[in-house]
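# What the coordinates show
Below are the chains, spelled out letter by letter.
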Amino acid sequence: MVAAVRVHKTGGPEVLTFEDVTVPAPGAGQVKIRNHACGVNFIDTYFRMGMYPSPVGLPFVAGNEGAGEVIAVGPGVTDLKVGDRVGYTAALGTYTAERLLPADRAVKLPAQISYEQAAAMMLKGMTAEYLLRRTYKVQKGDNVLIHAAAGGVGLIACQWANHLGANVIGTVGSKEKAELAKKNGCHHVILYRDEDFVAKVKEITGGKLCQVVYDGVGKATFPASLDCLRPLGMFVSFGSASGQIDAFNINILQTKGSLYATRPTLNHYAAAREDLVAIANDLFAVVASGAVKIPVNQRYPLKDAQKAHRDLESRNTTGSSILVP
Ligand SMILES: NC(=O)c1ccc[n+]([C@@H]2O[C@H](COP(=O)([O-])OP(=O)(O)OC[C@H]3O[C@@H](n4cnc5c(N)ncnc54)[C@H](OP(=O)(O)O)[C@@H]3O)[C@@H](O)[C@H]2O)c1
């Protein structure tokens, strides 16, 4: 038996139950991993609440991001062996000391990437990669707006967009977060709870507006985010920390400047093994170079998963949070 955090019925943070579970031997194509750290993500709250249905039904082990060592391999697994250090994402069932994982979802960690770094970035950093390098390819000189700039995805994306040569504008919920965002790649920071962020973006860009808006906030920043875009600009709605955007008339994209809009998810960008590995390697390279740092600003013992969720949902966190089994 090993310690895990399970959800037996969906709801608030109180449904995260710390208990023992049995992890069987790995089946064909699977590996067993001893987690050294588990990432905490906003998506974990969507599964906990039932907004995203659990693919394995109830109960389920929470969590979508982690890193650890391979402790057993199942039949047919050829490219991983016991003792390998791996990171992974997009496979519900991470808040646990040990877990099974399809071997083709694990990525070997380079020596210079620690378990904690990996657990803090396999989901958030790979998301930053595909958003900035694939959904809209950020170019030198682009004006880029990133909402919740001091958050987990936000701090990584801001550093990376800066590294790519963009003029990075970030929105944040407090003065402390503004300081942090400025130290992590933002050229300009907007306190969007106090200031009209559309007016500020107009001012900052001299009326030229942005080539792209990366919006993981959702309801609270829509449709104003569209007004930050120049004609033919790209609205990337990649999350809904404040709630989901209501249905809207697609003609709004025409009237606001023949805009593009997309609602992407890492699951699709990294569905093929070769894409998963390419995205991960791009992330490992930018972190190993020192251009992007992975701020692990909250650490909790696994048994405190409820507190980790409360802190995340009450906007009390910055950068990445991890649970340590
Ligand atoms: N599509 C994908 O592939 C993908 C992958 C990973 C993450 N995501 C999305 O990316 C977003 C960020 O995820 P994360 O795990 O890195 O979380 P996070 O950014 O660390 O936390 C969410 C942040 O959103 C802001 N926020 C604004 N309104 C809020 C509200 N009403 N309640 C709570 N927070 C609010 C807060 O920052 P301020 O206080 O500064 O406003 C908060 O810190 C989420 O929407 C998540 O679902 C999407």
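For the structure, check the block above.
Let us look at the structure shown here. (Residues numbered from 1 in each chain as written. Predicted model: local features only at pLDDT ≥ 70, side-chain atom pairs only at ≥ 80, totals over all residues. Heavy atoms only, no water.)

### Some thoughts on the overall build of the protein
Per the secondary structure count, the protein includes 10 helices and 16 strands. In terms of C-alpha radius of gyration, the protein reaches 20 Å, essentially the compact-globule figure of 20 Å for 325 residues. Taken along the three principal axes of its C-alpha coordinates, the protein extends 60 × 40 × 35 Å. Evaluated residue by residue, the protein yields a buried proportion of 54% over its 325 residues. Long-range contacts, defined here as pairs at least 24 residues apart, represent 68% of the contacts in the protein between residues at least 6 apart. Total accessible area on the protein is roughly 13,500 Å²; 53% of this is exposed by carbon and sulfur atoms. (Helix = DSSP H or I, 4+ residues; strand = E, 2+ residues; numbered from the N terminus. Rg over C-alpha atoms; globule rule 2.2 N^0.38 Å. Buried < 20%, exposed > 50% of the residue type's maximum accessible area, 1.4 Å probe, protein only. Contact = heavy atoms within 4.5 Å. Areas by Shrake-Rupley, 256 points an atom, 1.4 Å probe, with all protein chains shown as cover.)

### Points about the site of the ligand
Neighbouring the ligand are 27 residues; Tyr 130, Lys 177, Tyr 192, Gly 216 and Arg 315 lie closest to it. In the model, an oxygen atom of the ligand is placed 2.7 Å from a nitrogen or oxygen of the Lys 177 side chain. In the complex, 92% of the free accessible area of the ligand, which totals 910 Å², lies under the protein chains. Only helix H1 (42-49), helix H3 (124-135), helix H4 (152-163) and helix H10 (305-313) provide two or more residues apiece to the shell around the ligand. (Near = heavy atom within 4 Å. Polar contact = N/O pair within 3.5 Å; in protein donor to acceptor, adjacent residues only side chain to side chain.)

### A closer look at the packing of aromatic side chains
Aromatic ring pairs are reported here in terms of the distance separating the ring centres and the angle at which the planes meet. Throughout the structure, instances matching the rule amount to six aromatic pairs. Measuring from ring centre to ring centre gives 4.3 Å for Tyr 130 and Tyr 269, while their planes differ by 20°; the resulting arrangement is stacked. Taken together, the positions of Tyr 130 in helix H3 and Tyr 269 in helix H8 (residues 266-269) put the pair 139 residues apart, joining distant regions of the chain. Centre to centre, the rings of Phe 222 and Phe 248 are 5.0 Å apart; their planes meet at 45°, and the pair counts as tilted. With Phe 222 in the loop between strand E12 (210-215) and strand E13 (229-237) and Phe 248 in the loop between E13 and helix H7 (251-255), this pair connects stretches of sequence that are 26 residues apart. On the basis of relative accessible area, Phe 222 is assigned to the buried category, the value being 17%. Judged by relative accessible area, Phe 248 falls into the partly exposed class, the value being 39%. Members of the aromatic cluster, connected to one another through ring pairs, are Phe 42, Tyr 46, Phe 47 and Tyr 52. Positioned over the ring face of Tyr 115 is Arg 85, at 4.7 Å from the centre of the ring. (Phe/Tyr/Trp six-rings, centres within 6.5 Å; stacked < 30°, edge-to-face > 60°. Lys NZ or Arg CZ within 6 Å of the ring centre and 35° of its normal.)

### A short note on the pairing of strand E10 (residues 167-172)
Of all six residues in E10, five are buried, a share of seventy percent or more. Of the pairings in the sheet, the one linking strand E9 (residues 143-146) to E10 comprises four bridges and is parallel in character. Residue pairing in the sheet places Val 144 in a bridge with Val 168 of E10. Read from E9 through H4 to E10, the crossover connection turns out right-handed. As paired elements, E10 and strand E11 (residues 188-191) share four bridges and run parallel to each other. By the bridge assignment for E11, Gly 170 is matched with Val 189. (Pairing = 2+ DSSP bridges. Right-handed = clockwise from strand over helix to strand, strands pointing away.)

### Brief notes about the environment of Ala 181
Here Ala 181 shows up in helix H5 (residues 175-183). Overall, Ala 181 belongs to the buried group, its relative accessible area being 0%. In the structure, Ala 181 is positioned 31 residues away from Ala 150 in sequence and 5.2 Å away in space, judged by C-alpha atoms. If we ignore the near neighbours within four places in the chain, the residues touching Ala 181 are Ala 149, Leu 155, Val 172, Cys 186 and Val 189.

### A short note on the side chain of Asp 142
Counting through the fold element by element, Asp 142 comes out in the loop between H3 and E9. Buried charge Asp 142 goes without a salt bridge, the closest partner of opposite sign being Arg 230 at 6.6 Å. Within the local environment of Asp 142, its side chain forms a polar contact with the backbone nitrogen of Gln 139, the two atoms lying 2.8 Å apart. Not counting the four nearest positions on each side in its chain, Asp 142 is found in contact with Tyr 136, Lys 137, Ala 166, Asn 167 and Gln 211. (Lys, Arg positive; Asp, Glu negative; His and termini not counted. Salt bridge = Lys/Arg side-chain N within 4 Å of Asp/Glu carboxyl O.)

### Points about the nonpolar core
If you look at the biggest cluster of nonpolar residues, it comprises 56 residues, and the most contacted ones within it are Trp 160 and Tyr 214. Looking at which element gives the most residues to this core, the answer is helix H9 (residues 273-288), with seven residues. Residues contacting Trp 160, with those up to four places away along its chain left out, are Gly 125, Ala 128, Glu 129, Leu 132, Arg 133, Asp 282, Leu 283, Val 286 and Val 292. (Core = buried A, V, L, I, M, F, W, Y, C linked by side-chain atoms within 4.5 Å.)

### A look at helix H6 (residues 197-204)
Turning to H6, its buried residues are Phe 197, Val 198 and Val 201. Taken end-on, H6 shows its buried residues confined to a sector of 105°, consistent with a single buried face. Considering only its buried residues, H6 is in contact with E9, E10, E11 and E12. (Arc of directions from axis to C-beta.)

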